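An overview of the molecular structure
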Amino acid sequence: MSDKTQSCPYPGIPTTSDGAGCVVWVETNITTGACAYPITSSTTMGTGYQTEVSNGKKNLWGDTLAFIQPESEHSAASTCEGFALAGGRVTNFTSGQGLVLMKEVLYTIAGKRLPVVFHIGARALTSHSLNVHAGHDDVMSCADCGWGILFGRNAQEAGDLALIGRRAAERSETPFLNVQDGFLTTHTIENVRLPELEFMKEYIGDPSEKLRCYMDPRFPVMSGVVQNQDSYMKGKIAQRDYYDRVPAAVQEAMDTFYRLTGRRYEQIDCYRMEDAEYALVGMGGLMETAQAAVDYLREQRGLKVGGIHVTCFAPFPAVQLVTALRGVRAVTVIERMDNPLAQSNPLAQGIKAAFADALAGLGYGSNSELRYPPVTRLPKVYSCSAGLGSRDIRGRHLIAVVNNMLAERPREYCAVGIKHPLALADAEDPDLRPTGAYSMRGHSVGGFGSVTTNKLIASFIGELFDLHVQAYPKYGSEKKGLPTTYYLTVAENHIRTHSELEHVEFIPLNDVNAFNLGNPLSGLAANGSIFIQSDKLEPAEVWSAIPRYGQKIIRNKHARVYYLDTVKIAREVATDADLQQRMQGVVLAGIFIKATPFASRSGMGEEEILAGVEKYIRKYFGKRGEKVVQENLRCVRLGLTTVKEIPREVIGAEPAAPRAELVATHG
């Protein structure tokens, strides 16, 4: 996606949101209703839609929204089918096993030419074990159902493609899946430009004027009948007349979107491919990280490497991919899934088939109407599995993939990010963040409210100080009561790295046992900052509780160390006992303001900043009532005004004698 919004009529409304929030914004304005059964990681989309229904929201044409929750995902898809047959503009939110459970109905929706759009938080399927995190095997298991499939890399693209997919669906009478990585894109807070109401109304149009009602007795349509040998095949092949329109419909939707918003989408997004000799190809958030890795490899090693994000998997952009890749020596196709019994994983298989057709002089489409460019040689197409179940994908893994293509005997199939005979050894791990980026890696306990606080911080930092932010979560139901980490990056430019953070400037230790579970100070930058949850009042006591290896790192890094008893503050402020545990995490928002440079750089006073923070307190906690809003705001204020710093002279003092190397836990 390219962005040239300044001179366009609808540049978007600047704010911060995750991918789920962007989808909810779009769908609660353009649809008539949603039929969904909640399943992680799509639940926040369904919850957001249902909340607007509870508030009595109307769409852009004055229709009151409806939300129907039947007893299963299969029933939800069937309800969407009925809703669309009656001429309604409808949506659904699903993921993983839920999408697969719908598959029977997906064929029917496509066969009846119902232009619905379903939003997928792409998730690994339960195979050898249950996993609720990112994977593309759920989407690929439904790739033969006759639906268009679009993949977004970030929150902005998730929202924009919801509109592009809807316009293309209704123009071609073909249903679409709008896919984002589950628990990653769906839950990562980033800077976005939400589409304006006027734009959506113009771009999508009134459903009553665009959609066919199959139930209108004045214009009866027969659907869902039984057909035998004499007629079934005729109807099936006749579907091609619709499908042949889809590529042009997708391109028209993307071109019109660009003209009106300045945000350019193509069916494939090429990055530095003009002179590339090697290429990385994939779908979803990992391909933004790949762009940063491409820049590093070109600038630091002089390698002519490029990247291609396949935004539109179906209809398959065969001609575009051959055109972009025909000049490279080798390409590695990185996919968030693995199907060892297939010829290759789906995207790699499609690319190989496209090159085979091109080399044979064949075309693409029912009448070969789309022609490949001349091809006289084939690049080597390697395959890689990465990021299954949200396994972290870092720069070092992508660099290792490029190293493999350069090797004397490259692996034709590989995996990255794990220890296995088929896995590549990690390469160097450079800092791929934007120049001047500032990052936080927090160590906490599941259930302490730290992930929500991280989103809160990202929201007010991004908008209050006009900076780019990315609050990257690490979710897992098994983490409640157990150690967990969370990540935040702030920069002046768009943040492309979608991964856990090793290079950080601020490390809050909400979990006082973090020093006992590894080295929580790993990757701390020189002159960085640390916050330690402590019930000690004297700085010397806090310092003496830090293990000697931690003290050494702090001295060597010239780090500043802050401390405060957030547990005590939460107990004193929260009148609801159930919220005491979570409010200790909220205190960190005030500590972040104090310990990081953004407030001082802005020139804003404490009261001005707190007034700005209140907006986001209401965004995240307003549904719990004014009392809870005020209590959370007080926690932030106390974090800002009462946090203490260990003086430099205490940090510089050597210990008098050996002592236990454990942090005292809070009772």
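A word on the overall build of the chain
From N to C terminus, the chain includes 25 helices and 26 strands. C-alpha atoms of the chain, sized along the principal axes, occupy 95 × 65 × 50 Å. Here the contacts in the chain between residues at least 6 apart in sequence split such that 79% fall between residues at least 24 apart. For the chain, the exposed area adds up to about 27200 Å²; of that, 52% sits on carbon and sulfur atoms. Separation of charge centres in the chain, based on 70 positive and 73 negative side chains, amounts to 2 Å.

Remarks on the sheet that holds strand S6 (residues 117–122)
Ordered in space as S4-S3-S5-S6-S8-S7-S14, the seven strands form an open sheet in which the pairing is mixed. Each of the sheet's edge strands pairs with one partner strand only, and the pair in question is strand S4 (66–68) and strand S14 (312–314). Shown here is a sheet whose adjacent strand axes are inclined to one another by a mean of 20°, direction ignored. Two strands pair when backbone bridges link them, and strand S3 (residues 33–35) and strand S5 (residues 90–94) are joined in this way by two bridges, in the parallel orientation. Along S5, the bridge assignment pairs Ala34 with Thr91.

Some remarks on helix H8 (residues 197–204)
Residues of H8 that are buried include every one of Phe199, Met200, Tyr203 and Ile204, and no others. An end-on view of H8 places all buried positions within 100° of arc, on one side of the element. Against helix H1 (19–30), helix H7 (155–172), helix H9 (207–210) and helix H12 (246–261) lie the buried residues of H8. The first or second residue beyond H8 is Gly205, which carries a positive phi of 90°.

Overview of the packing of aromatic side chains
Taken as a whole, this structure holds 14 aromatic pairs when the rule is applied. An angle of 75° between the planes, with centres 5.7 Å apart, marks the rings of Tyr203 and Phe257 as edge-to-face. In this pair, Tyr203 is assigned in helix H8 and Phe257 in helix H12, connecting sequence segments 54 residues apart. Each member of the pair, Tyr203 as well as Phe257, is classed as buried. In this structure, Arg245 is placed above the aromatic ring of Tyr242, and the distance from its NZ or CZ to the ring centre is 4.7 Å.

Rules of the game
Residues numbered from 1 in each chain as written. Predicted model: local features only at pLDDT ≥ 70, side-chain atom pairs only at ≥ 80, totals over all residues. Heavy atoms only, no water. Helix = DSSP H or I, 4+ residues; strand = E, 2+ residues; numbered from the N terminus. Contact = heavy atoms within 4.5 Å. Areas by Shrake-Rupley, 256 points an atom, 1.4 Å probe, with all protein chains shown as cover. Lys, Arg positive; Asp, Glu negative; His and termini not counted. Charge placed at Lys NZ, Arg CZ, Asp CG, Glu CD. Pairing = 2+ DSSP bridges. Axes fitted to C-alpha atoms, helices over the stretch in contact; angles between N-to-C directions. Buried < 20%, exposed > 50% of the residue type's maximum accessible area, 1.4 Å probe, protein only. Arc of directions from axis to C-beta. Phe/Tyr/Trp six-rings, centres within 6.5 Å; stacked < 30°, edge-to-face > 60°. Lys NZ or Arg CZ within 6 Å of the ring centre and 35° of its normal.

Coordinates in, geometry out; function isn't part of it.
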